[in-house]
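As a plain string of letters, each chain reads:
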Amino acid sequence: MPDLLIELFSEEIPARMQGTARETLRKMVTDGLVEAGLTYAHAAAFSTPRRLTLAIEGLTAESPTLREERKGPQTTAPEKAIEGFLRSTGLTRDQLEIRDDKKGQVYFAVVTRPGRQAPGIIAEVLEKTIRTFPWPKSMRWGAGSLRWVRPLHGILCLLTSEAGAEVVPLDIDGIRAGNTTRGHRFMAPDEFSVTSFEDYAAKLKSAKVVLDSAEREEIIWNEAKTLAFARGLEVVEDRGLLTEVAGLVEWPVALMGDIAEDFLALPPEVLQTSMKEHQKFFSVRNPATGRIEGFVTVANRETADNGATILKGNLKVLSARLSDAKFFWEHDLRVVRTEGLEGMGAGLAHVTFHNKLGSQAERIARIETLAREIAPLTGAAPDLAAQAARVVKSDLRSAMVGEFPELQGLMGSYYARAEGLPDAVADACKGHYSPLGPSDEVPTDPVTVAVALADKIDTLTGFWAIDEKPTGSKDPFALRRAALGVIRLVLGNGLRIKLADVFAPRISAHVVNRYYSGKLDVLSALSDLQIPEDFKEGAELQFSGSVKAIDPDDYASAVEHFPDLADKLQDLLSFFHDRLKVFLKEQNIPYDVIDAVLSMPGADDLTLVVKRAEALTAFLKTDDGTNLIQGFKRANNILTQAEEKDGVEYSFGADPKFADTAEEKALFAALDRAEAAIAPAMQAEDFAAAMAAMAALRAPIDAFFTAVQINADNEILRRNRLNLLSRIRQICLSVADLTKIEG
């Protein structure tokens, strides 16, 4: 079987696009070949800044001959139906077969599609791939219509077999496929021919091109570590930067330089961010002091002076960049020392958070109030939590964050310490944005947790109040991430917070205050109009009576004026439950178990929900649990059917004096014991004990169903036994809604 080698040679492809592009090339070509009837053993894609490469092994030499039979209309069908069938098959009527069918004679088309040689199929598939390749951005050049990420200069398309290598005939807008490519732009620019993938890869390496991006990453990382180790330093690991830099070079050469003494006092994160964002440098750290003292840059070529000239140029640019960073740092420190962090953040009163939710300063005031309220639940001092809330956003007005937005929060912690604020406040500045994702570390400091919760809850309740909720895959305000952050903060710190009690006054305050602001706008507009004073006074009186009487934080009062508040609150809680299901599913807790505990009282207490879910999951993994569920469902089904048939509810009145069998009497006794054990266990949140008490019902329930006929001829016995089933249902449902459990 032949092997296929494809290379698309162009001007430099942006590093951020290369990984996706090589996988897209592999998928589009292999999918196209398979659809056309060819099979293959293995396919691998590669990329460098100037080329996308695909190597396919074990490709079939031709597609198989296909014989297809298609049933058509009856021979007595209207002429137009027969003509349509002929058009769809490409046959004439005399080429059709007539066969007997259940309803008469029917036309059949037998279409034989002969196999095709691989080169013709490859040419079609590759041309379609090139013309429809989904680059995030593409361009045209010259007079042609072809679009590519950068001008496409060459196509190598080679089919290699035991008989030798042949070029697949292909011409796209004047770019003709061949068996040649080029090496490094500067060190080996001449064209050379290849005969196979092995020959291609070997000659590229001789021409100063490392084809495999993973190999380039390994070279860069090993060289960088070696250079740092020789000086007693270490490279700060950054896998994202490593991948990006590997996409910028074809022949990586690591070079190490020193950071000037003037800049060593800058925070390490500032140095690291500036070098990464502006120049794609790796930071080199002194492990003894934690300071960033050097950098590693990666050149794309070897030089006679071993990179000295390259380093000199890089140092010149780096000094200019770090001078800017030093200026921002010193400027911000002067502001903090003279005005404090609160003074730095004063300008946030003029920064809009959202046109329906006010300014950043108004949002900070809301976060402060909520942080003070939540603080006792996290173990934080309310005044300290409020102080932290007032300043955690202040660094948004700093010069440093203006230049490097990704440093928000972190810079606030530095400025807080420079002002002499408590460590808890400084830590909250840095940590209150966390957790940002499913793998981000969850803060545990009480003040940080209080402010982080307040920040996220204000965001969620605010956007729910103005009906700006996520829809489908769209979530422009990252509300799913905020909800997951609240969930992880609560569960990670074992907090007992009733979300409904926290959400309700916040949503009502947002809605009422928006309405209040709208009325003020109307009054303001009235004051500018030439209208009678008594009309204005009447408007003010109406305003005062209809709005000022509403306490924005009184949810019950607000619901009377704005009935949709209850729907908003319930919808937000449902949103949290959906996020919780996703989170717990990753902890191996099934959806049906989560639904079973969410149906119980206290479902807005996330820690309580998880404790119940974990206990129920463990219970269902036991034989007793599995069998008890079946017994419960049997009891519930019989009871439900009887209640529908009789038109009554069998929910009380089971009396042991009417027990007719030993099994029935044993079940009464078992239910009494279970009820006596389950109620206090649930009250004490000892869910394992409650599950154990419920598990003890398994044997007596099984024995009862084996020995006792529920629908007895004696109506008194039947009614008593149905009420006994009701006790089974009530006791089991007091632990969890077992009707939600699948299976």
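Quantities reported herein were computed from a predicted structural model and do not represent experimental measurements.

**So, the confidence of the model for the protein**
Reasoning step 1: Per-residue pLDDT for the protein has a mean of 91; in total, 95% of the residues score no lower than 70.
Reasoning step 2: Predicted confidence is poor over residues 520-526, with pLDDT under 50, and the contacts of this stretch with residues over four places away or in other chains come to 8 contacts.

**Re unusual backbone geometry**
Reasoning step 1: That bond from Ser434 to Pro435 is cis: its omega, -10 degrees, falls within 30 degrees of zero.
Reasoning step 2: Tracing the sequence through the fold places Pro435 in the loop between helix H13 (423-431) and helix H14 (446-465).
Reasoning step 3: The phi dihedral of Lys280 falls on the positive side, at around 60 degrees, and the residue is not glycine.
Reasoning step 4: Take Lys280: it is sitting in the loop between helix H7 (268-279) and strand E17 (282-285).
Reasoning step 5: Positioned with a positive phi, Ala478 is a non-glycine residue whose angle comes to about 55 degrees.
Reasoning step 6: Looking at the secondary structure, you find Ala478 in the loop between H14 and helix H15 (479-492).
Reasoning step 7: The class of Ala478 is partly exposed, set by a relative accessible area of 25%.

**A closer look at the packing of aromatic side chains**
Reasoning step 1: As enumerated under the stated definition, the model contains 14 aromatic pairs in all.
Reasoning step 2: Summarising the aromatic geometry, the rings of Phe281 and Phe295 are spaced 4.6 Å apart at their centres and angled 10 degrees between planes, so their arrangement reads as stacked. Of this pair, Phe281 sits in the loop between H7 and E17 while Phe295 sits in strand E18 (residues 292-299); the two residues are 14 residues apart in sequence, bridging distant segments of the chain.
Reasoning step 3: An aromatic cluster is built from Phe46, Phe197 and Tyr200, whose rings are joined through pairwise contacts.
Reasoning step 4: Arg99 extends its terminal NZ or CZ atom over the ring of Phe108, reaching a point 4.4 Å from the ring centre.
Reasoning step 5: One residue, Arg239, lies across the ring of Trp221, its end atom 5.3 Å from the ring centre.

**Looking at the sheet that holds strand E16 (residues 253-258)**
Reasoning step 1: The sheet built from 4 strands is open, its strands ordered E15-E17-E18-E16 with antiparallel pairing. With one partner strand each, in any of the chains shown, strand E15 (234-235) and E16 form the two edges of the open sheet.
Reasoning step 2: When E17 meets E18, the two strands line up antiparallel, connected through 4 bridges. Of the residues in E18, the one forming a bridge with Val284 is Gly294.
Reasoning step 3: With respect to the sheet, helix H5 (residues 213-229) is in contact with E15, E16, E17 and E18, its orientation differing from that of E16 by roughly 30 degrees.

**Some words on the pairing of strand E9 (residues 152-161)**
Reasoning step 1: Extensive coverage of E9 is indicated by the burial of 8 of its 10 residues.
Reasoning step 2: Summarising the sheet, strand E1 (residues 3-10) and E9 pair through 8 bridges and their orientation is antiparallel. Considered in E9, the bridge of Glu7 is made with Leu156.
Reasoning step 3: Pairing between E9 and strand E10 (residues 164-167): 4 bridges, direction antiparallel. Note that in E10 the partner of Ser161 across the bridge is Gly164.

What counts and what doesn't
Numbers given to residues run from 1 along each chain, matching the order in which its sequence is written. For a predicted model such as this one, the threshold for reporting local features is a pLDDT of at least 70, and the threshold for listing and counting side-chain atom pairs is 80 or more; totals across whole chains, interfaces and linings nevertheless cover every residue. Water and hydrogen atoms play no part in the side-chain values, which are based on all heavy atoms of the structure. A residue's pLDDT is the confidence the predictor assigns to it, expressed on a 0 to 100 scale. Contacts were defined at the residue level, with two residues in contact if any of their heavy atoms lie within 4.5 Å. Only runs of H or I of at least four residues qualify as helices and only runs of E of at least two qualify as strands under DSSP, and these elements are numbered from the N terminus. Working definition: with a 1.4 Å probe on protein chains only, accessible area under 20% of the residue-type maximum means buried, over 50% means exposed, and in between means partly exposed. Aromatic contacts are taken between Phe, Tyr and Trp rings whose centres are within 6.5 Å, Trp giving its six-membered ring; a plane angle under 30 degrees counts as stacked, one over 60 as edge-to-face, and the others as tilted. The criterion is that NZ of a Lys, or CZ of an Arg, lies within 6 Å of the ring centre and within 35 degrees of the ring normal, and then a charge sits over that ring. Strands are labelled as partners when DSSP assigns at least two bridges between them. Every axis corresponds to a line fitted to the C-alpha atoms, with the helix fit spanning only the stretch in contact, and the corresponding angles, defined between N-to-C directions, vary from 0 to 180 degrees.

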